[in-house]
Amino acid sequence: MEQKLKDLVDEAIVNINDFVFDVEQKDGKLELKYSFYADYRDRLEDSEVADILEADDPGGALHMYLDDSYYNYSREILSQAVDYIEEYIENHYKDSGFSQEERFELWDYLDELVEWDYEEAEEHYLQEEYKCEITIDASKKYTYHRNEGGYDLDLTALEWLAEQQGYSKEELNKALSASEEDAKSPLLRSIKSELANTTSDTNTLTIFVTMPLRELISVNEQVKRGSKDSEVTVSKNAVVGLIDFYEGAGGPLEIQLEKDLAIPVYNIAECLPDAGFKICYNGYTPDEIYGLCGSAWKGRIEELPMPF
């Protein structure tokens, strides 16, 4: 852009009332800013959230999503700014208007100057809540394996769950071999019932919670880093059970926690909105399997590692 035209453009930017951009001058240089705002009804689909969480950098993926989502609108704002500037110059200098080439040059000039600010829009999306499931990886692919002697629970998610709630492997095995009346602990008694009522052999321990996107990103970023020191604490009212995502089966989801459940981040296999499990497992989502009502996701995250 020629210096003469640039000077006219800068003058117009400074003097136009209610210009489309916020305008500041620092050290003799113009700085432009445009802030995007989300409508209160705007919400990411579960599948979009799942794509964001599957990225290597979920926080960065959200920024890219917003940049792509608002791109066409930002082009409209640029066109509007060019029109305002052209009108100003025509009115004040009796100029006949810009050539097509000059409009392109002005467009590029403004695009380089402006800072597109997604902070308010991003905050809206981060506060939106999602029905999610946390699946547990306790060093074996499946929660348990049936065999002729009953259940092989060595190093499984159910043994892990019992230990996280204050019970030993021996106490768990004793409860599983006892009658329901003899299993005094509500947790151990409910694990026995859950196992007895599963309909397939390859189930995953699953915890149902409701989480805002901010928490989802925080947990998934910790999981991807392989954090050894962080843990997530889930409220004891959470629905917990065994699910077979591949076969579309599972238990009655009636494992009863006796206290808030502390989950080391390295024991989390997946933490995704419900629809994300179709993508992850190429199978069924919990809602497709059970047709659950919203109260199934009454569990909440009580403590989080390093908030996003």
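Computed from a predicted model, the values in this text were never measured in an experiment. (Residues numbered from 1 in each chain as written. Predicted model: local features only at pLDDT ≥ 70, side-chain atom pairs only at ≥ 80, totals over all residues. Heavy atoms only, no water.)

Participant: Even after reading the chapter, I still don't get the overall build of the protein, so can you show me in this structure?
Facilitator: A tally of helices and strands in the protein yields 12 helices and 13 strands. Per-residue burial for the protein yields a buried fraction of 48% across its 308 residues. For the protein, the exposed surface amounts to about 16000 Å²; the carbon and sulfur share of it is 42%. (Helix = DSSP H or I, 4+ residues; strand = E, 2+ residues; numbered from the N terminus. Buried < 20%, exposed > 50% of the residue type's maximum accessible area, 1.4 Å probe, protein only. Areas by Shrake-Rupley, 256 points an atom, 1.4 Å probe, with all protein chains shown as cover.)

Participant: Explain the nonpolar core here, please?
Facilitator: Soluble, globular proteins show a tendency: their nonpolar side chains are buried together. Core analysis: the biggest nonpolar cluster contains 87 residues, and Phe21, Ile85, Ile134, Ile191, Leu205, Ile207 and Leu213 have the highest contact counts within it. Examining the composition of this core, we find that 7 residues originate from one element, helix H4 (residues 71-93), more than from any other. Beyond its immediate sequence surroundings of up to four residues, Ile207 is in contact with Cys132, Glu133, Ile134, Ile136, Val234, Ala238, Val239, Val240, Leu261 and Ile263. (Core = buried A, V, L, I, M, F, W, Y, C linked by side-chain atoms within 4.5 Å. Contact = heavy atoms within 4.5 Å.)

Participant: What should I look at first to understand the packing of aromatic side chains in this one?
Facilitator: Centre distance and the angle of the planes are the two values used to describe a pair of aromatic rings. Inspection of every chain in the model, using the stated rule, returns 12 aromatic pairs. Their ring planes at 5° and their centres at 5.1 Å tell us that Phe36 and Tyr118 sit as a pair that is stacked. In this pair, Phe36 sits in the loop between strand E2 (29-35) and helix H2 (46-54) while Tyr118 sits in the loop between strand E3 (114-117) and helix H6 (119-127), placing the two residues 82 residues apart along the sequence. The residues Phe36 and Tyr118 share a single accessibility class, namely buried. Taking 6.0 Å as the distance between ring centres and 35° as the angle between the ring planes, the aromatic pair formed by Tyr70 and Tyr118 counts as tilted. Of the two residues, Tyr70 is situated in the loop between helix H3 (58-69) and H4 and Tyr118 in the loop between E3 and H6; the sequence distance between them amounts to 48 residues. For Tyr70, a relative accessible area of 11% gives the class buried. (Phe/Tyr/Trp six-rings, centres within 6.5 Å; stacked < 30°, edge-to-face > 60°.)

Participant: Teacher, can you tell me more about helix H1 (residues 3-15) here?
Facilitator: Side chains of residues three or four places apart in an α-helix project in the same direction, reflecting 3.6 residues per turn. Taking 1.5 Å per residue as the helical rise, H1 with its 13 residues ought to reach 18 Å, and the 18 Å between its terminal C-alpha atoms agrees with that figure. Of the positions making up H1, those classed as buried are Leu5, Leu8, Val9, Asp10, Ala12 and Ile13. (Expected span 1.5 Å × (residues − 1).)

Participant: How should I be thinking about the pattern of salt bridges in this particular structure?
Facilitator: Where side chains of opposite charge bring their charged atoms close, a pairing between them can arise. Under the counting rule described, the total for this entry stands at 12 salt bridges. Measuring nitrogen to oxygen at the nearest pair gives 3.9 Å for the salt bridge that ties Glu31 to Lys26. Of the charged contacts, one joins Asp117 and Lys33 as a salt bridge, the two residues approaching to 3.5 Å between their closest N and O atoms. Here Asp117 is found in strand E3, whereas its partner Lys33 is found in strand E2, with 84 residues between them in sequence. Assessed through its relative accessible area of 12%, Asp117 is described here as buried. A cluster of three or more residues bridged by salt bridges with shared partners is formed by Glu24, Lys26 and Glu31. (Salt bridge = Lys/Arg side-chain N within 4 Å of Asp/Glu carboxyl O.)

Participant: Hey, could you run me through the sheet that holds strand E9 (residues 240-244) in this one?
Facilitator: The strands making up a sheet associate through backbone hydrogen bonding, with each pair oriented either parallel or antiparallel. Taking strand neighbours across the sheet as the criterion, the 5 strands line up as E10-E9-E7-E4-E12 in an open arrangement whose pairing is antiparallel. Of all strands in the sheet, those bounded by a partner on one side alone are strand E10 (249-250) and strand E12 (268-273). Examined bridge by bridge, strand E4 (residues 129-136) and strand E7 (residues 204-212) share 7 bridges and lie antiparallel to one another. Bridging across to E7, Glu129 finds its partner in Pro212. Here helix H7 (residues 157-164) sits on the sheet and contacts E4, E7 and E9; the angle it forms with E7, its principal contact strand, is near 60°. This element, helix H10 (residues 213-225), spans E4, E7 and E12 of the sheet and lies at about 135° to E7. (Pairing = 2+ DSSP bridges. Axes fitted to C-alpha atoms, helices over the stretch in contact; angles between N-to-C directions.)

Participant: Please explain the pairing of E2 as it appears in this structure.
Facilitator: A regular strand places its side chains on the two faces of the sheet in alternate fashion. Pairing analysis gives 5 bridges linking strand E1 (residues 22-26) to E2, with the strands arranged antiparallel. Among the inter-strand pairings, Gln25 is bridged to a residue of E2, identified as Leu30. Here E1 folds back onto E2, and the loop between the two strands holds 2 residues, one of which, Asp27, carries a positive phi near 55°. Bridge count for E2 against E3 is 4 bridges, and the pairing is parallel. The residue of E3 that forms the bridge with Ser35 is Asp117.

Participant: Would you explain the sheet that holds E3 in this entry?
Facilitator: Strand order in the open sheet formed by 3 strands is E1-E2-E3, with mixed pairing between adjacent strands. The two strands at the open ends of the sheet, each matched to only one other strand, are E1 and E3. Going from strand to strand, the sheet's axes swing by 25° on average, the running direction of each strand aside. The sheet contacts of H4 involve E2 and E3, and relative to E3 the element is tilted by about 140°.

Participant: Would you mind showing me how to read unusual backbone geometry here?
Facilitator: Excluding glycine, residues mostly have negative phi values, and the peptide bonds linking residues are mostly trans. Positive phi, normally seen in glycine, also occurs at Asp27, with a value near 55°. Taking relative accessible area as the criterion, Asp27 reaches 81% and is therefore assigned exposed. Despite not being glycine, Leu253 has its phi angle at roughly 60°, a positive value. With respect to the helices and strands, the residue Leu253 is situated in the loop between E10 and strand E11 (261-264).

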